[in-house]
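Architecture at a glance
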Amino acid sequence: MSTPKVPPEETPEAEGSTGSAHPERPDGGMWEHPSVFLVLIALGAVMVAAFFIVRILGR
């Protein structure tokens, strides 16, 4: 009896291996890219600062 063929994208199990592949990490959702929120917070802070600077200058 020949050994079963393994598709090219899969790794064959090691002989005597009892462990399975590591589970894939779940999607981080909105926390996956915290730099987007950092940019939004910084942009909001700049807009608030600009508002007060314009008020202080009296324009």
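Residues numbered from 1 in each chain as written. Predicted model: local features only at pLDDT ≥ 70, side-chain atom pairs only at ≥ 80, totals over all residues. Heavy atoms only, no water.

Points about the overall build of the protein
What the protein contains, in helices and strands, is one helix and zero strands. Relative to its full complement of 59 residues, the protein shows a buried share of 0%. For the protein, the accessible surface area stands at approximately 6,300 Å², while carbon and sulfur atoms represent 66% of it. (Helix = DSSP H or I, 4+ residues; strand = E, 2+ residues; numbered from the N terminus. Buried < 20%, exposed > 50% of the residue type's maximum accessible area, 1.4 Å probe, protein only. Areas by Shrake-Rupley, 256 points an atom, 1.4 Å probe, with all protein chains shown as cover.)

Observations regarding helix 1 (residues 34-57)
Taking 1.5 Å per residue as the helical rise, helix 1 with its 24 residues ought to reach 34 Å, and the 35 Å between its terminal C-alpha atoms agrees with that figure. With its phi angle positive at about 75 degrees, glycine 58 sits one or two positions after the end of helix 1. (Expected span 1.5 Å × (residues − 1).)

A word on a nonpolar patch on the surface
Together, Met30, Trp31, Val36, Phe37, Leu40 and Ile41 line one region of the surface with nonpolar side chains, adding up to about 680 Å² of accessible area. Within the fold, methionine 30 resides in the segment before helix 1. (Patch = residues over 30% accessible without salt bridge, like charges linked within 9 Å, V, L, I, M, F, W, Y side chains within 5 Å. Salt bridge = Lys/Arg side-chain N within 4 Å of Asp/Glu carboxyl O.)

Function-wise, these values are silent; they only describe arrangement.
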